[in-house]
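# Residue-level structure breakdown
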Amino acid sequence: MQELAWYLTVLLVAATAAVFAMVRWQSDLAADYGGVQRSAYRIRDRLFWVLLGVGVPIMALTLWDLPYVRAGAPAAPQVVTATGFQWYWDLGRTSVVTGQPVEFQITSADVNHGVGLYDADTRLLAQAQAMPGYVNRLRYTFERPGKYRLMCLEYCGLAHHDMISELEVKLP
Ligand code: CUA
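First, a word on what this report is: a plain description of the structure on this page. (Residues numbered from 1 in each chain as written. Predicted model: local features only at pLDDT ≥ 70, side-chain atom pairs only at ≥ 80, totals over all residues. Heavy atoms only, no water.)

## A short note on a nonpolar patch on the surface
There is a patch of nonpolar side chains on the surface, built from Phe48, Trp49, Leu52 and Val56 and spanning about 430 Å² of accessible area. You can see phenylalanine 48 is positioned in helix H2 (residues 34-63). (Patch = residues over 30% accessible without salt bridge, like charges linked within 9 Å, V, L, I, M, F, W, Y side chains within 5 Å. Areas by Shrake-Rupley, 256 points an atom, 1.4 Å probe, with all protein chains shown as cover. Salt bridge = Lys/Arg side-chain N within 4 Å of Asp/Glu carboxyl O. Helix = DSSP H or I, 4+ residues; strand = E, 2+ residues; numbered from the N terminus.)

Here it is, written out as structure tokens:
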């Protein structure tokens, strides 16, 4: 995949450079551009109506889905306060349940930290900054029970790598 992206990039850069070179080369030629301008305007006019014809129905259809979260009594979030210290997390609670939003209220008692929320396979699920003097709110709804981890995502000193806390997610 990386290799494909590399070759594609080289190809596109070469194509762009070729267009630039052609424009530069042709800029010295005196030519009547009236015909080119007319056909360009024609294309532009058609494109306008095509975009209008496609865009307005798409907008009308998709607007019905807003807001994405249906109104009604929203589920009260399970609040987990997370305060970063050099070098540990102080969590207000270490156990939550699935299917109900969790709101992490994240701050720091000293320097900038970062909260990374990881699943059991160490896949990053969500993240937010932990800054002194601010409370950042990070919402996440767990679908599966299990052991999750909060790890510091911002280098904060000697034992940065040690800032790991566990969060247990249970079935309700
Ligand atoms: Cu706290 Cu890195």
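Alright, that's what it looks like, and here's the rest.
## Points about the sheet that holds strand S1 (residues 78-85)
Taken together, the four strands give an open sheet; going across it, the order is S2-S1-S4-S7, and neighbouring strands pair in mixed fashion. Bordering the open sheet on either side are strand S2 (88-91) and strand S7 (136-140), each of which pairs with just one other strand. Each strand axis lies, on average, 25 degrees off the axis of its neighbour in the sheet, ignoring direction. Sheet analysis places strand S4 (residues 102-108) next to S7, joined by five bridges and oriented antiparallel. From the neighbouring strand, isoleucine 106 faces S7, where its bridge partner is asparagine 136. (Pairing = 2+ DSSP bridges. Axes fitted to C-alpha atoms, helices over the stretch in contact; angles between N-to-C directions.)

## So, the sheet that holds strand S5 (residues 113-118)
Strand order in the open sheet formed by five strands is S3-S9-S8-S5-S6, with mixed pairing between adjacent strands. At either margin of the open sheet sits one strand with a lone partner, and together these are strand S3 (95-97) and strand S6 (124-130). For this sheet, the mean angle separating the axes of adjacent strands, direction not counted, is 25 degrees. In this sheet, strand S9 (residues 164-170) lies alongside strand S8 (residues 146-152) in antiparallel orientation, the contact comprising six bridges.

## What about the environment of alanine 120?
Mapped onto the fold, alanine 120 is located in the loop between S5 and S6. Judged by relative accessible area, which is 60%, alanine 120 ranks as exposed. Placed 35 residues apart in sequence, alanine 120 and phenylalanine 85 show a C-alpha to C-alpha distance of 24 Å. Beyond its immediate sequence surroundings of up to four residues, alanine 120 is in contact with Lys147 and Arg149. (Buried < 20%, exposed > 50% of the residue type's maximum accessible area, 1.4 Å probe, protein only. Contact = heavy atoms within 4.5 Å.)

## Here we look at the environment of threonine 16
Tracing the sequence through the fold places threonine 16 in helix H1 (residues 2-26). Expressed as a C-alpha distance, the spacing of threonine 16 and methionine 1, which sit 15 residues apart in the sequence, is 22 Å.

## Thoughts on the pattern of salt bridges
According to the stated counting rule, one finds six salt bridges in the structure shown. For lysine 147, the salt bridge goes to glutamate 168, with nearest N and O atoms at 4.0 Å. Of this pair, lysine 147 sits in strand S8 while glutamate 168 sits in strand S9, placing them 21 residues apart in sequence. A relative accessible area of 33% places glutamate 168 in the partly exposed class.

It is worth stressing that arrangement in space is one thing and function is another; only the former is reported here.
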